[in-house]
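Coordinates in review
Listed below, chain by chain, are the residues.
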Amino acid sequence: MLTLVPTPIGNLEDISKRSLNVLMEAELIFCEDTRVTKKLLNLLSERENLTFKCSEFKSFHSHNENQILKTLTPETFEKNIVYVSDAGMPCVSDPGASLVQYAIDNNIEYDVLPGANAVLTAFAMSGFSHTEFTFFGFLAHKGKERKEKLTSVMQSSILSILYESPHRLLKTLEEIKNIDEERTIFLAKELTKLHQKTFKDC
């Protein structure tokens, strides 16, 4: 069986009891970054006084997923296999979707646990009363692709949500201002962490 487990986006207390139970039973863990996952499990082990018995960790990310998928067989999933990204919900601006599709294509039992998600957390914090939104993920770092995507975001008639690196935030705000100086924006940074900050320009 394959289980996708969301991990905390900042605060360790946000991991669910169900997620901890699945991680304790895992026999193989696919990770966006094995170092990040091992560090998380060590922290959770100390904090919750738990033992995670899994000793097999394999990297699975956007640069190697196609190669990894070729090595898998349906029999691989006779083990308890877990997939985690570095933070938050797998498949939401994170790897994992191709692993889910593999399970669907091969009639492999799988499940996705609910949990931490920056998109929904920020949307709920924004105070916008819209009942629908479009999530655009990350913008390209630069160039024509970035400009075209941001233009598409700004022209959308539906509330738009973006991810952006802290290092490019001021640049993005300047680009938004150049397109529509009157646009109301909501910013959320370091969600669930000690220095969480939000800002809304009304």
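A short tour of the structure in this document, coming up. Computed from a predicted structure; not experimentally measured.

Some thoughts on helix H2 (residues 34–48)
Taking 1.5 Å per residue as the helical rise, H2 with its 15 residues ought to reach 21 Å, and the 21 Å between its terminal C-alpha atoms agrees with that figure. Taken together, the buried positions of H2 are Thr 37, Leu 40, Leu 41 and Leu 44. The arc enclosing the buried residues of H2, seen along the axis, measures out at 100 degrees, which places them on a common side. Every exposed residue of H2 that faces more than 90 degrees away from the buried side is listed here: Arg 35, Lys 39 and Glu 46. Contacts made by the buried residues of H2 are with helix H1 (17–25), strand S2 (28–31), strand S3 (57–59) and strand S4 (81–84).

Focus: the nonpolar core
Ranked by size, the top nonpolar core spans 18 residues in total, and within it Leu 23, Ile 29, Leu 44, Phe 52 and Val 82 carry the most contacts. Of all the secondary-structure elements, those providing two or more residues to this core are H1, S2, H2 and S4. Other than its neighbours up to four places away in sequence, Val 82 contacts Thr 3, Val 5, Val 22, Leu 23, Ala 26, Leu 28, Ile 29 and Phe 30. Residues Leu 28, Leu 69, Phe 77 and Tyr 83 belong to the second largest nonpolar core, which totals 16 residues.

Details of unusual backbone geometry
The phi dihedral of Asn 107 falls on the positive side, at around 55 degrees, and the residue is not glycine. Among the structural elements, Asn 107 can be located in the loop between helix H4 (97–105) and strand S5 (110–112). Positive phi values are uncommon outside glycine, yet Glu 190 reaches one of about 55 degrees. Position of Glu 190 among the secondary structure elements: in the loop between strand S8 (185–189) and strand S9 (197–201). Classification of Glu 190 by relative accessible area gives partly exposed; the value is 32%.

A word on the pairing of S2
On S2, burial covers both faces: Leu 28 and Phe 30 on one face and Ile 29 and Cys 31 on the other are all buried. Alignment of S2 against S4, held across 4 bridges, turns out to be parallel. Of the residues in S4, the one forming a bridge with Ile 29 is Val 82. Pairing analysis gives 3 bridges linking S2 to S3, with the strands arranged parallel. Along S3, the bridge assignment pairs Phe 30 with Lys 58. In this view, the connection linking S2 to its parallel neighbour S3 by way of H2 has right-handed handedness.

Digging into the sheet that holds S3
Taken in spatial order, the 5 strands line up as S3-S2-S4-S1-S5 in an open sheet, and their pairing is parallel. Among the strands making up the open sheet, the edge pair consists of S3 and S5. Between one strand axis and the next, the sheet turns through 20 degrees on average, direction left out of account. As paired elements, strand S1 (residues 2–4) and S4 share 3 bridges and run parallel to each other. Paired with Leu 2 across the two strands is Ile 81, which belongs to S4. Each of S1, S2, S4 and S5 touches H1; the most contacted strand, S4, lies at about 125 degrees to it. Sitting on the sheet, H2 touches S2, S3 and S4, and the angle it makes with S3 is about 145 degrees.

Focus on the pattern of salt bridges
On inspection of all chains with the given rule, the structure shows 12 salt bridges. For Asp 111, the salt bridge goes to Arg 18, with nearest N and O atoms at 3.0 Å. In this pair, Asp 111 is assigned in strand S5 and Arg 18 in helix H1, connecting sequence segments 93 residues apart. A relative accessible area of 44% means that Arg 18 is categorised as partly exposed. For Lys 144, the salt bridge identified is with Glu 148, shortest N-O distance 3.8 Å. In this pair, Lys 144 and Glu 148 are both assigned in helix H6 (residues 143–155), 4 residues apart and thus about one turn of the helix distant.

The rules behind each value
Residues numbered from 1 in each chain as written. Predicted model: local features only at pLDDT ≥ 70, side-chain atom pairs only at ≥ 80, totals over all residues. Heavy atoms only, no water. Helix = DSSP H or I, 4+ residues; strand = E, 2+ residues; numbered from the N terminus. Expected span 1.5 Å × (residues − 1). Buried < 20%, exposed > 50% of the residue type's maximum accessible area, 1.4 Å probe, protein only. Arc of directions from axis to C-beta. Contact = heavy atoms within 4.5 Å. Core = buried A, V, L, I, M, F, W, Y, C linked by side-chain atoms within 4.5 Å. Pairing = 2+ DSSP bridges. Right-handed = clockwise from strand over helix to strand, strands pointing away. Axes fitted to C-alpha atoms, helices over the stretch in contact; angles between N-to-C directions. Salt bridge = Lys/Arg side-chain N within 4 Å of Asp/Glu carboxyl O.

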